[in-house]
Amino acid sequence: MWRAEMYLRNGRIVTFDLSTGESEEQEVTDESAWDNLSSIKIAEKLAVGSGGNSIILGTGVLTGSFVPAACAGLVLANGRLIPILGFAGLELKLSGFDFVVLKGKASEQGYIWFRDGIIEFVPAQAFRSMDSWQRTDKIRSDQGDGEIQVLCNGPWGDGGNEAAQLIVDHWGGEDKFGMGAELGRRNLVAIAFRGMGELELAEPDRHFEDAFLMMREHIGRLGANDGFASYTQLAKRDDFARLVHRHVACYGCPYPCRSFLKVYEEPKELRLMAKEPGYLHYDIPGLSKAFESGLDAKDATVALIKCAKAGAEPASVISKAASLGGKVSLEKIDSVLSRPAEVKLAKMLNFEASFGVAGQYEACLGLGLCPRYWSKVGFDKTEIASFSESTLGTQFSL
Amino acid sequence: MRLRIEPLKCICCGLCETVCSLNRDSVLTPMTSSVILHIEDKANYFGLVLKTKSEGLVVARPEGVSTGQQAAGSGGPGAKPILLREPCDLCGGEPKCAKICPTGCIIVEG
């Protein structure tokens, strides 16, 4: 347990009823409310407490700290759990809420928008004809901030298809469990948020120094980073390597697993030219299934772009395309994307497969740490617990 | 002493932003930092904007570094523009952004 100073927490949980548009906030100053450090356990408790049919968003206690790769948040709905990475975890925590509970079903299509401790439902009937990228861009444009984090459905999610994938800031990879369908069933096209708040640490200087030393030790051990190729052999292929533009980290990660491939302009072009030049790869099963089906790196990337725009889980789409017989082509991918009802969820794990040891994934994600990074460097609970005093002001055990 | 930025080494981790606020205000927030990570995610275009006392704005784009200009963008009107922020104080002599940067993108000179 830790004290109620709310270090690295906002001390606020909000429940928003999509059916009525009303929200209810819970100030959490009683330390017993945080008696479990795992955000997954807290989210599960909130799900039960809100009737069991809610969407829960949350962050780990270390999310946003300087512990390496402390970037993760989570979404839980109907027993399905997905991480949210990139900058979404940090921004979610800085939005003013530790957990957001969305219950009920909206009477019309729209999105949830929260920032600075304010939450609202924004009707968005016009989004029906848009893909997930257009929706993300529209939300950012309408709300006047290009760095709003958007967890977005495409048309597949609107229809509640079981293979609908929730797209995180244009990219797919986090959702391998059809979370998009969970939003669609509640008439939600997206959940958008921006973090403009601030968080305190118990001992800022000590936390910084400890995290710095840990990160340097990791970097020294890991050696040179090669983006996605540092985590999967798939990205070591020549046709993939030729298209790499730059490697991109999530918040606080010193050893990124994300590589952006440019397929619509010269990969080494550094200037801001094409607005949609390619795709950010971090989806191991998606790329694996694409290569397995015979697509080269360029067509695999285009296939993943098409799936992301549709809000469709790519391994599921490509598996269906392969099952139709003959060579898998982009035309065949288009054909499958036009018939979502025929596609079953492939249930191929991405971040969930990071660890070979049961429980490690949940333990890591529950703290707000990226499972992929921590499986690479070795997830040691004792080592993480050494941050307890500088972070939270008290000892905690994991 | 000054900070030099090599933008192509940037991996967009954002640690420089949060550590800046930690040093300045003892809190974690990208909203008060003197350095801003500018991201256009769909185009994979990102770089840093640093507000300095001696050189004005240092705009470190992927295609090169320029000084004395206004930032092209800092997250729109919903965010706090860099022109309203305090300039870098070099953390009193040991810049934390340069220290925490995992790739050596931000370098202390002089």
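For every chain, the first residue of its written sequence is number 1, and the numbers climb from 1 along that sequence. All chains are assigned letters beginning with A, and all ligands numbers beginning with 1, in the order in which they are written. Where local features are concerned, this predicted model is filtered to residues with pLDDT of at least 70; where side-chain atom pairs are given and counted, the filter is 80 or more; whole-chain, interface and lining totals use all residues.

All right, on to the overall build of chain A then. Secondary structure summary: chain A contains 15 helices and 15 strands in total. Put simply, the radius of gyration uses C-alpha atoms, and a globule should come to 2.2 Å times the residue count raised to 0.38. Relative to the 2.2 N^0.38 estimate, which gives 21 Å for 398 residues, the radius of gyration of chain A is 20 Å and therefore close to what a compact globule would have. Partly exposed residues are those falling between the two cut-offs: more than 12 but fewer than 20 other C-beta atoms within 10 Å of their own, whereas 20 or more means buried and 12 or fewer means exposed, with C-beta atoms placed from the backbone. Out of the 398 residues belonging to chain A, those deemed buried represent 57%. Each helix is a run of H or I in the DSSP string that is no shorter than four residues. Each strand is a run of E no shorter than two, and both are numbered from the N terminus.

As a further point, take helix α12 (residues 360–367) of chain A. Residues and elements named next belong to chain A. Burial of α12 is extensive: six of the eight residues sit out of reach of the surface. For α12, every residue scored as buried is listed here: Y361, A363, C364, L365, G366 and L367. For every residue pair, C-beta atoms are placed from the backbone, and the pair is scored as a contact if these atoms sit within 7 Å. In this structure, the buried side of α12 is in contact with α1 (39–49), β4 (73–77), β5 (80–84), α13 (371–377) and α14 (381–385). After α12 finishes, the residue G368 shows a positive phi value of roughly 95°.

Interfaces are often described in size by the accessible area the parts lose on coming together. Taken together, the contacts link 43 residues of chain A with 31 residues of chain B. Of all elements in the fold, only α3 (132–143), β12 (199–200), α6 (204–222), β13 (244–248) and β15 (278–281) of chain A reach the threshold of two or more residues within the side of chain A that touches chain B. Element by element, the count of residues in the side of chain A that touches chain B is highest for α6 of chain A, at five residues. Residue type decides the class: Asp, Glu, Lys and Arg count as charged, Ala, Val, Leu, Ile, Met, Phe, Trp, Tyr, Cys and Pro as nonpolar, and the leftover types, Gly among them, as polar. Here the side of chain A that touches chain B is built from residues that sort into 23 nonpolar, 10 polar and 10 charged. In terms of strand pairing, β12 of chain A meets strand β2 (residues 27–28) of chain B through two bridges, oriented antiparallel. Each residue of the ladder has a partner; that of E200 of chain A, found in β2 of chain B, is V27 of chain B. Any two strands between which DSSP finds at least two bridges are classified as paired.

Further remarks concern the pairing of β5 of chain A. All names here are of chain A. When you tally the buried positions in β5, you get four out of five residues, the bulk of the element. Bridge count for β4 against β5 is five bridges, and the pairing is antiparallel. Residue pairing in the sheet places L76 in a bridge with L81 of β5.

Let us look at the domain arrangement of chain A. Residues and elements named next belong to chain A. For each domain, the first and last residues come from an automatic or database assignment. When its domains are assigned, chain A resolves into domain 1 (12–199 + 351–392) and domain 2 (227–342). The centre of domain 1, based on its C-alpha atoms, is set 24 Å off from the matching centre of domain 2. Contact residues are listed per partner, giving 34 residues for domain 1 and 24 residues for domain 2. At the level of elements, α2 (88–93), α3, α4 (155–158) and α13 are the ones that each hand at least two residues to the side of domain 1 that touches domain 2.

The subject of this paragraph is the sheet that holds β15 of chain A. Residue and element names in this part refer to chain A. Spatial ordering of the open sheet is given by β13-β14-β15, a layout of three strands whose pairing is antiparallel. Lying at the two open borders of the sheet, with one neighbouring strand each, are β13 and β15. Mean inter-strand twist for the sheet, computed between neighbouring axes without regard to direction, equals 20°. With axes taken as lines fitted to C-alpha atoms, and helix axes fitted only over the stretch in contact, angles between N-to-C directions fall between 0 and 180 degrees. Relative to the sheet, helix α9 (residues 297–310) contacts β14 (258–262) and β15, its axis offset from that of β15 by approximately 90°.

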